[in-house]
Amino acid sequence: MVSRTTADAKGDVVVLLIGMRINQFRAVRLWLPVMLAMLRMLRELVKAPERGLLAHVLLTASPRTYYVVQYWESKEKLYAYATAPDAFHHKAWAAVNHKERTGKLRGQVGIWHETYIVPEGSYEAIYGDMPAFGLAAAHGQIPLERRGRYAKDRFAHRSQQPPVAEKTS
């Protein structure tokens, strides 16, 4: 028997993809600190859930490219972390900017990120015989039937029903 579930996300979903590409394998002294900084920021965020990171998944696209899919409570909390002077991100980003200005990173290691604010009704998920993963790890996992057997039903799901218009006599 297949156990099928879906994510229990409500409202908009905030997704950040952030990663690095090793352009020159021999430049370990330049790309290793970038990789370690990514891991340190994740540890910092996991230890401080009030900052807004709900879940993350570490992935690799090739032996050169590594990235993290992050799910956030809100874009405001993501922005707040990115600009917080007390967060490790602030120190790491300052170091990257300094190395870029001096030309030390050019051609050695690439960094990137993409942020998506996905409105309710524009995402759906299905998991077969899977522990909570991705969106379900961030927002909880529920039986598939609660959101609909088909993708079109899950896309149509709304966390709040529109208010019923009052009848006037």
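Please refer to the structure placed before this passage.
Helix and strand counts for the protein chain come out as 5 helices and 7 strands. Written out in order from the N terminus, the α and β elements of the protein chain read β-β-α-β-β-α-α-β-β-α-β-α. Relative to its length of 169 residues, the protein chain is extended, with a C-alpha radius of gyration of 20 Å against a globular reference of 15 Å. Classification of the 169 residues of the protein chain by burial places 36% in the buried group. Counted over contacts in the protein chain with a minimum sequence separation of 6, partners at least 24 positions apart contribute 72%. On the protein chain, roughly 10,900 Å² of surface is accessible, and the fraction owed to carbon and sulfur atoms is 57%. Seen as two clouds, the 24 positive and the 15 negative side-chain charges of the protein chain have centres 11 Å apart.

The terminal C-alpha atoms of helix α3 (residues 88-101) lie 20 Å apart, and with 14 residues this matches the ideal 20 Å at 1.5 Å per residue to within 8%. Following α3 by one or two positions, Gly 103 adopts a phi angle in the positive range, close to 80°.

A contiguous nonpolar surface patch, about 390 Å² in accessible area, is contributed by Val 28, Leu 32, Leu 36, Leu 39 and Leu 58. Here the element with the most residues in the nonpolar patch is helix α1 (residues 28-47); it accounts for 4 residues. Tracing the chain through its elements places Leu 39 in helix α1. We classify Leu 39 as partly exposed; its relative accessible area is 32%.

Turning our attention to the sheet that holds strand β5 (residues 109-118). Strand order in the open sheet made by the 4 strands is β3-β4-β2-β5, with antiparallel pairing throughout. The open sheet terminates on both sides in strands that have one partner only, identified here as β3 (53-60) and β5. Each neighbouring strand pair of the sheet contributes to a mean axis angle of 15°, computed without reference to strand direction. Both strand β2 (residues 13-22) and strand β4 (residues 65-72) contribute to a ladder of 8 bridges, which runs antiparallel. Note that in β4 the partner of Gly 19 across the bridge is Tyr 67.

It is worth spelling out the pairing of strand β1 (residues 4-7) at this point. Remark: a regular strand shows side chains that alternate across the two faces of the sheet. Sheet topology places β1 next to strand β6 (residues 127-128); 2 bridges connect them, and they run antiparallel. Considered in β6, the bridge of Arg 4 is made with Gly 128. Here 3 bridges tie β1 to strand β7 (residues 141-143), and the two strands are oriented antiparallel to one another. Across the sheet, Thr 5 pairs through a bridge with Pro 143, a residue of β7.

How each quantity is defined
Residues numbered from 1 in each chain as written. Predicted model: local features only at pLDDT ≥ 70, side-chain atom pairs only at ≥ 80, totals over all residues. Heavy atoms only, no water. Helix = DSSP H or I, 4+ residues; strand = E, 2+ residues; numbered from the N terminus. Rg over C-alpha atoms; globule rule 2.2 N^0.38 Å. Buried < 20%, exposed > 50% of the residue type's maximum accessible area, 1.4 Å probe, protein only. Contact = heavy atoms within 4.5 Å. Areas by Shrake-Rupley, 256 points an atom, 1.4 Å probe, with all protein chains shown as cover. Lys, Arg positive; Asp, Glu negative; His and termini not counted. Charge placed at Lys NZ, Arg CZ, Asp CG, Glu CD. Expected span 1.5 Å × (residues − 1). Patch = residues over 30% accessible without salt bridge, like charges linked within 9 Å, V, L, I, M, F, W, Y side chains within 5 Å. Salt bridge = Lys/Arg side-chain N within 4 Å of Asp/Glu carboxyl O. Pairing = 2+ DSSP bridges. Axes fitted to C-alpha atoms, helices over the stretch in contact; angles between N-to-C directions.

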